[in-house]
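Inside the fold
What follows is each chain in one-letter form.
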Amino acid sequence: MTNHSNTKIDIVKSSTSKIDHVDFENLTFGRTFTDHMFVCDFIDGKWQQPKIMPYQAMSFEPSARVFHYGQAVFEGMKAYKDDTGKVWLFRPKDNHARINKSSARLAMPEFPKEYFFNGLETLLKMDKDWIKPGIGNSLYLRPFVIATEAAISASPANSYRFMIICSPAKAYYSGKVRVLFAEKYSRSADGGVGFAKAAGNYAAQFYPTSLAQEKGYQQIIWTDASTHEFLEEAGTMNIFFRINNTLITAPISDRILDGITRRSIIQLAEDNNITTEIRRVSVSEIKEAARNGSLKEIFGAGTAAVVSPISAFEHGNEVFEIPDNEKSFAGMFKKQLEEIQNNLAEDKHGWRHEVIL
Ligand code: COI
């Protein structure tokens, strides 16, 4: 492991812990937060001294640009504890690279690697008791950056705050997911910010997703904005299709998030000698495959969602149920991924990163 301890962090420890009030077996995703958080401000063209402090509310001027223009990006990552008490991150360099890519697109400053790793690791060391061992348990980590400058002219801010908050997590979706294929609304367009983890990408999905939820669907699989003919991603996860024994997923583009779980599944498919096609996937192809029985699975992949099987989809007022598959790719990838993440299987691609406690 690289030692990033050369960046000094000002630390204020919480005088009490909330941990005894938490029911770790019954967690609702994203509602419970650990005792500490990491904070670093960007002022006068540079990142200032980072701090770790008790998790708490913060105050910003009402004119802070983030409230008006949504100049904000975030990441999602997880820490795992193995049965010997060691703590692991999964491909954290990829999260660091991606938050900076997102920031660059939103005209925000990049966050230095040493600060990112030292902040994460120090925070995890302090809140390590919040990470429970066992497959299915994790500590979800949410690094994010917001524009804090008090000014409402529509231009990039000159001050920002980078933070990391941590939330103990179990499954994001309980049970199987039913989805609607998008026919009217769009998530992203060519040349836009769809590839970035920009806060607004998620907010823009809330209204159409709430309409889908009224019809009994948890998520929308977004299609390309110009024709609505090609399936892209689900917003909280990238999407994979299995036709007979071939795995198919859309190529990343400036409209689609370059998911770290997506990338890992493509590698695991290669390791398992599964034929994989990274190409455009049309709605008509998937409907036809559902009709003729060659569509064996659809599943989503993401940090929060891990690997989530999709049990049905609707398009053009037709509902297609996807039969259960005992030897599903989704089940196999989920198991292999979680075993690597939890230090229960060989890590032949060097994805695990140990946090020295
Ligand atoms: C993640 O999977 O980490 C995400 O950022 C998706 C979010 C909607 C929970």
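Cut-offs used in this document
- Residues numbered from 1 in each chain as written.
- Predicted model: local features only at pLDDT ≥ 70, side-chain atom pairs only at ≥ 80, totals over all residues.
- Heavy atoms only, no water.
- Near = heavy atom within 4 Å.
- Polar contact = N/O pair within 3.5 Å; in protein donor to acceptor, adjacent residues only side chain to side chain.
- Areas by Shrake-Rupley, 256 points an atom, 1.4 Å probe, with all protein chains shown as cover.
- Nonpolar A, V, L, I, M, F, W, Y, C, P; charged D, E, K, R; others polar.
- Domains from an automatic or database assignment.
- Salt bridge = Lys/Arg side-chain N within 4 Å of Asp/Glu carboxyl O.
- Helix = DSSP H or I, 4+ residues; strand = E, 2+ residues; numbered from the N terminus.
- Buried < 20%, exposed > 50% of the residue type's maximum accessible area, 1.4 Å probe, protein only.
- Core = buried A, V, L, I, M, F, W, Y, C linked by side-chain atoms within 4.5 Å.
- Contact = heavy atoms within 4.5 Å.
- Axes fitted to C-alpha atoms, helices over the stretch in contact; angles between N-to-C directions.
- Parallel < 35°, antiparallel > 145°, perpendicular 65-115°, else oblique.
- Lys, Arg positive; Asp, Glu negative; His and termini not counted.
- Buried area = accessible area lost by both parts, 1.4 Å probe.
- Pairing = 2+ DSSP bridges.
- Left-handed = near helix turned anticlockwise from the far one by under 90°.

Time to look at the site of the ligand. The full set of residues close to the ligand is Phe-74, Gly-76, Tyr-140, Arg-142, Tyr-172, Lys-197, Tyr-202, Thr-236, Thr-303 and Ala-304. One of the side-chain N or O atoms of Tyr-140 is found 2.5 Å from an oxygen atom in the ligand. Separating an oxygen atom of the ligand from a backbone N or O atom of Thr-303 is a distance of 3.4 Å. Alone, the ligand offers 280 Å² of accessible surface; in the complex the protein occludes 91% of this. Each residue belonging to the shell around the ligand can be placed in one class, and the counts come to five nonpolar, three polar and two charged. Per-domain counts for the shell around the ligand show at least three residues from each of domain 1 (10–170 + 350–355) and domain 2 (177–325).

Here we come to the pattern of salt bridges. Counted according to the given criterion, the structure contains 21 salt bridges. Note that Arg-98 and Glu-75 form a salt bridge whose closest N and O atoms lie 2.7 Å from each other. Highlighted residues: Arg-98 in helix α2 (residues 92–105) and Glu-75 in the loop between β5 (72–74) and β6 (77–81), separated in sequence by 23 residues. When the shortest N-O distance is used, the salt bridge between Asp-94 and Arg-263 registers 2.5 Å. Linking Asp-94 in helix α2 with Arg-263 in helix α5 (residues 260–271), this pair joins segments that are 169 residues apart in sequence. Judged by relative accessible area, Asp-94 falls into the buried class, the value being 18%. Residue classification places Arg-263 among the partly exposed residues on the basis of a relative accessible area of 27%. Through salt bridges that share partners, Arg-91, Asp-94, Asp-258 and Arg-263 make up one connected network.

In this section: the nonpolar core. If you look at the biggest cluster of nonpolar residues, it comprises 40 residues, and the most contacted ones within it are Phe-38, Trp-47, Leu-141 and Phe-162. Where this core is concerned, the elements lending two or more residues are β2 (36–43), β6, β7 (87–90), α3 (113–126), β8 (138–147) and β9 (160–169). Per-element accounting of this core gives the leading share, six residues, to α3. Setting aside chain neighbours within four positions, we find Leu-141 in contact with Glu-75, Gly-76, Met-77, Lys-78, Ala-79, Leu-89, Leu-120, Leu-124, Ile-165 and Cys-166. Formed by 23 residues, the second largest nonpolar core is a distinct cluster that contains Val-281, Ala-289, Leu-295 and Phe-320.

Here α5 crosses helix α7 (residues 329–341) at 110 degrees, and the two axes come no closer than 11 Å. Taken together, the axes of α5 and α7 lie roughly perpendicular to each other. Only Phe-333, Gln-336, Leu-337 and Ile-340 of α7 make contact with α5, whose side of the interface consists of Thr-261, Ser-264, Ile-265, Leu-268 and Ala-269. Grouping the amino acids of the contact of α5 with α7 by side-chain chemistry returns six nonpolar, three polar and no charged.

Turning our eyes to something else, we now look at the side chain of Asp-224. By secondary structure assignment, the location of Asp-224 is in the loop between β11 (219–223) and β12 (230–233). No salt bridge is formed by the buried Asp-224; the nearest opposite charge belongs to Arg-280, separated by 5.4 Å. Side-chain polar atoms of Asp-224 contact the backbone nitrogen of Glu-229, separated by 3.0 Å.

Bringing the environment of Leu-27 into the picture now. The topology assignment puts Leu-27 in the loop between β1 (10–11) and β2. Along the primary structure Leu-27 and Ser-167 are separated by 140 residues, whereas in three dimensions their C-alpha atoms are 9.6 Å apart. Leave out the neighbours within four places in its chain, and Leu-27 touches Val-22, Thr-32, Pro-168, Ala-169 and Lys-170.

The extent of an interface is frequently quoted as the accessible surface area lost upon association of the parts. Each assigned domain of the chain is listed with its residue range as follows: domain 1 (10–170 + 350–355) and domain 2 (177–325). The gap between the C-alpha centroids of domain 1 and domain 2 is 27 Å. Between domain 1 and domain 2, the residue contacts involve 19 residues of the former and 20 residues of the latter. By the criterion of area lost to domain 2, the three top residues of domain 1 are Phe-74, Arg-98 and Arg-105, representing 36% of everything that side buries. Counting across the domain 1 and domain 2 interface gives one salt bridge. In this structure, the connection of domain 1 to domain 2 is made through 11 residue pairs in polar contact (both at pLDDT 80 or more). Those elements giving two or more residues to the side of domain 1 that touches domain 2 turn out to be β5, β6 and α2. Residue contributions to the side of domain 1 that touches domain 2 peak at six residues, all from α2. For the side of domain 1 that touches domain 2, the per-class residue count stands at nine nonpolar, three polar and seven charged.

Residues Val-87 and Leu-89 line one face of β7 and the alternating positions Trp-88 and Phe-90 line the opposite face, and both faces are buried. By the bridge criterion, three bridges tie β6 to β7 in an arrangement that is antiparallel. Across the sheet, Ala-79 pairs through a bridge with Leu-89, a residue of β7. If you look at the hairpin formed by β6 and β7, you'll find five residues sitting between the two strands, and Gly-85 has a positive phi there, around 95 degrees. In this sheet, strand β20 (residues 352–355) lies alongside β7 in antiparallel orientation, the contact comprising four bridges.

With their axes 11 Å apart at the nearest point, α2 and α3 run at an angle of 130 degrees to one another. As summarised for this structure, α2 and α3 are arranged oblique, according to the angle between their axes. The crossing of α2 and α3 is right-handed. Between α2, through Pro-92, Lys-93, Asn-95 and His-96, and α3, the contact on the second element is made entirely by Lys-113, Phe-116 and Phe-117.

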